[in-house]
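# Inside the fold
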Amino acid sequence: MKFHRKSPHEEESDKDGDKRMVNKEGRRGRYKVRWRWWRPTLTPNESFTSSPSPSPQRSSLNPEYSGSSVDILSDGGSSQSEEDYQIKHSLSLIKAPLSPDDYSDSGISLSDSIEPGTKLEPRLAMPYIGAEAEGNRPSWRNIRPASLVQFPRPCVSPDKEFKIRTVHFTVPLEHHKPSGRQINIHAELVYDTHERDKFDSWVPACRASPILVFLCGGPGDKNPHDRSPALNRMLIEKGYVVLYADYRGTGQSSKIDSATVKTYNDTRDFAGAAGYLSLFRQDNIVRDLEAVRLCLEEHLYPFSSTNGNGGDGLKWTLMGQSYGGWVALTYLSFLPGSLAEVYLTAGLAPVTIGSPDEVYEALYSGIRRSNQRYYQRYPEDEVLVREVYNTLLSRGAAYELPDGSKRKLTAQTFLTLGRKFIGGDSGLEAVHDFVGQLHGQLVRNNALVPSQEVLKEFSKLEGFKLHSRPLYGVLHEAIYCNNGDTASEWSAQRVGKRHREYKGWLQGKHAAEGQRLYFSGEMVLPCLIPEEFRYANDLVASKADWEPLYDLNQLKENTVPVRAMAYQDDLAVDFELSKRTVEAVKGCVMVVGKSGWNHGSLRNNTDEVIRMLF
């Protein structure tokens, strides 16, 4: 591998052949020099080549941005082959945020290539497929229209209430490289059955109807049009054509799954896998949606600017649920001129935070209160939960679930069931019932393995489902990295270890007699990550040079109407952080949901939520 060394010193060899550095004054001595590892654009089927990097330039979006290279401090005398370097440093970076204890009950051990106790520079800038120079790095300018590639005839929904027209687009994987690798974006337009198609091609009769883009939760979730017929009905009644698009990497768009990273893993190119996966955050989702908007604008208004948006071409109305609000606020930050209005439900992203740790401190506070309610309602479970956990830990249990997902029931994954508490009292009851079943089999009856029925029940309760939506695990903490110099470094795991209710089981230790164990909530922990994504996931957690996700100055001057519903008992989006976001976005109006409503109330109380929000 070739390196580009940035140093004011020149290299010379001494009598022993050791490389030493000589500065301009001729002073000799060993210096720590900075190697710059360069990685050009790669796809899973391309071979690795490398070249020296140009000096990094400052970006107007992020003055501290250091390019797409990785800074590694090495001794001035070191030299190694491309293969040795790539393998050694791809693996050694994994060691930075984790210790072997973090995988203590997962059945997976870290590679022997990682020497115990290895000390690394913190927050290394991770190599990723992307920008090399000022003129060739991600930008919010000059996004080109998506290419329309497929537009079948519309169909009618089974209840005959709506027409659905599927549309397929292609967009660049990296929008600042429009001629580079392309990915597919799957979208569905939903509109009234009484609306006539004016054209024989694909355009619905929506020139006078604004298009509302529904942004679903995630990251990593698909976005089908038929998830909530009640929502479609109410939005269409309000005069909207509703657009559902599967985000890049999800659903019927170009999808991320285990096969995606297999080629990288087979060649031990873990950094390449991590670089590819890092391109699927909300900033690039927004670029995809903007490209789609430009494409639709060309087809909807090719000869006239007369439309339902005041004659300014096509402008989206955004409706973001949960992570969809993250996407919407990124859109609002960098491309506000493309938006007519924004509605959020449980989607006030924490735009003012300095690091992901702030988010997880708040979320642990919320899930702690839910655990207290759980044990107040089911005090007998304090003993049952502790005995189940200790039994699973003593056995080193890793019971594979029968759904073929390769997920496992272990001592640690058992205690992640608190995510069900997001659903309120019904979630508490579901976890209580399962604890009783599992305790009866493993502890009371001393069964060697749980029954298939119990394992199936755990499969239903374990709501992360990272086998089918791996981006949720890969990017869950990265969506909180906004300031360009912060790596998440497994924030949920680190923050949890600061709290006595979580520290022991996160470290894989037995619970003492009388100790109360708390379930975790909306926290992605290393024990949950699918095996094939673990190395890449660790590198993503070490990445610090993320692009900005929000522009606080622009949000302070915002002119686009924003209405946002927030819930006081939301365990996934902290209410106090949501209030800070409302203060940061000019003109944003918060609507507080009713008592007892929770993160999923848009689905459970659709009519009331829409009436209050609109």
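See the structure shown above.
My aim in this report is to walk through the structure given alongside it, one point at a time. Counting of residues starts from 1 at the beginning of each chain's written sequence and follows it residue by residue. Two thresholds apply to this predicted model, a pLDDT of at least 70 for residue-level local features and 80 or more for giving and counting side-chain atom pairs, whereas whole-chain, interface and lining totals are computed over all residues. Note that water and hydrogens are dropped before the side-chain values are worked out from all heavy atoms of the structure.

Looking only at helices and strands, the chain features 19 helices and 18 strands. With 614 residues in all, the chain has 59% of them scored as buried. We call two residues contacting when some pair of their heavy atoms lies within 4.5 Å. Considering only contacts within the chain whose residues lie at least 6 apart along the sequence, 75% involve residues at least 24 apart. Of the accessible surface of the chain, which amounts to about 25,300 Å², a share of 46% is contributed by carbon and sulfur atoms. What counts as a helix is a DSSP run of H or I of at least four residues, what counts as a strand is a run of E of at least two, and both are numbered from the N terminus. Relative accessibility under 20% of the residue-type maximum defines a buried residue, over 50% an exposed one, and the middle range a partly exposed one, all with a 1.4 Å probe and only protein chains included. Per-residue accessibility takes into account occlusion by the displayed protein chains alone, with areas from the Shrake-Rupley method and a 1.4 Å probe.

This part takes up the layout of surface pockets. Residues are called lining when one of their atoms sits within 4 Å of a cavity or pocket point, these points coming from a 1 Å grid over the protein atoms alone, where a cavity is a set in which a 1.4 Å probe fits but cannot get out and a pocket is an open set with protein on both sides within 12 Å along at least five of seven lines. Grid points are joined across faces, edges and corners, and a volume is the space filled by probe spheres set on the points. Here the largest pocket is characterised by a volume of approximately 1,000 Å³. Within the residue set of the lining of the largest pocket, elements represented by two or more residues are α6 (323–334), α10 (425–444), α11 (452–461) and α18 (601–604). Sort the elements by how many residues they give to the lining of the largest pocket and α18 lands first, with three residues. Ten residues, namely Ala, Val, Leu, Ile, Met, Phe, Trp, Tyr, Cys and Pro, are considered nonpolar, four, namely Asp, Glu, Lys and Arg, are considered charged, and the remaining ones, Gly among them, are considered polar. Classifying every residue of the lining of the largest pocket gives 14 nonpolar, 16 polar and nine charged.

Look at the link from Gly218 to Pro219: it is a cis peptide, with omega at 0°. Of note, Pro219 is situated in the loop between β11 (211–215) and α2 (229–237). One non-glycine residue with positive phi stands out, namely Asn446, at about 55°. Mapped onto the fold, Asn446 is located in the loop between α10 and α11.

Here a Phe, Tyr or Trp ring, Trp counted by its six-membered ring, pairs with any other such ring whose centre lies within 6.5 Å, and the pair is stacked when the planes are under 30 degrees apart, edge-to-face when over 60, and tilted otherwise. This model, assessed by the stated rule, comprises 23 aromatic pairs. Residues Phe270 and Tyr535 carry aromatic rings whose centres are separated by 4.5 Å and whose planes lie at 45° to one another, so their mutual orientation is tilted. Taken together, the positions of Phe270 in helix α4 (residues 270–277) and Tyr535 in helix α15 (residues 534–542) put the pair 265 residues apart, joining distant regions of the chain. Residue Phe270 is classed as buried on the basis of its relative accessible area, which comes to 4%. The class for Tyr535 is partly exposed, based on a relative accessible area of 23%. Geometrically, the ring pair formed by Tyr375 and Tyr518 is stacked, given 6.1 Å between the ring centres and 25° between the ring planes. With Tyr375 in helix α7 (residues 356–377) and Tyr518 in the loop between α14 (500–506) and α15, this residue pair connects regions lying 143 residues apart in the sequence. Given a relative accessible area of 5%, Tyr518 falls into the buried group.

Turning to empty space enclosed by the protein, a few remarks are in order. Under the definition given, this model contains seven cavities of 30 Å³ or more. Gly473, Val474, Glu477, Ala478, Ser488, Trp490, Val524, Asn537, Val540 and Ala541 together form the lining of the second largest cavity. For the lining of the second largest cavity, the elements supplying multiple residues, two or more each, are α12 (470–475) and α15. Looking at the lining of the second largest cavity element by element, the count peaks at three residues for α15.

What is meant by a nonpolar core is a set of buried Ala, Val, Leu, Ile, Met, Phe, Trp, Tyr and Cys residues, joined one to another through side-chain atoms within 4.5 Å. Core analysis: the largest hydrophobic core is formed by 165 residues, its most contacted members being Phe169, Trp316, Met319, Tyr364, Phe414 and Phe519. When residues no more than four places from it in sequence are discounted, the contact partners of Phe169 are Ala146, Ser147, Leu148, Val149, Ile183, Asn184, Ile185, Ala187, Val292, Cys295 and Leu296.

Take the pattern of salt bridges next. A side-chain nitrogen of Lys or Arg and a carboxyl oxygen of Asp or Glu constitute a salt bridge if their distance falls within 4 Å. Under the definition given, this model contains 23 salt bridges. A salt bridge links Glu161 to Arg233, with the shortest nitrogen-to-oxygen separation between them at 2.9 Å. Within this pair, whereas Glu161 is found in the loop between β8 (155–156) and β9 (162–172), its partner Arg233 is found in helix α2, the two being separated by 72 residues in sequence. Among the residues examined, Glu161 registers a relative accessible area of 29% and is labelled partly exposed. Arg233 sits in the partly exposed class, given a relative accessible area of 32%.

Geometric values such as these leave the question of function open.
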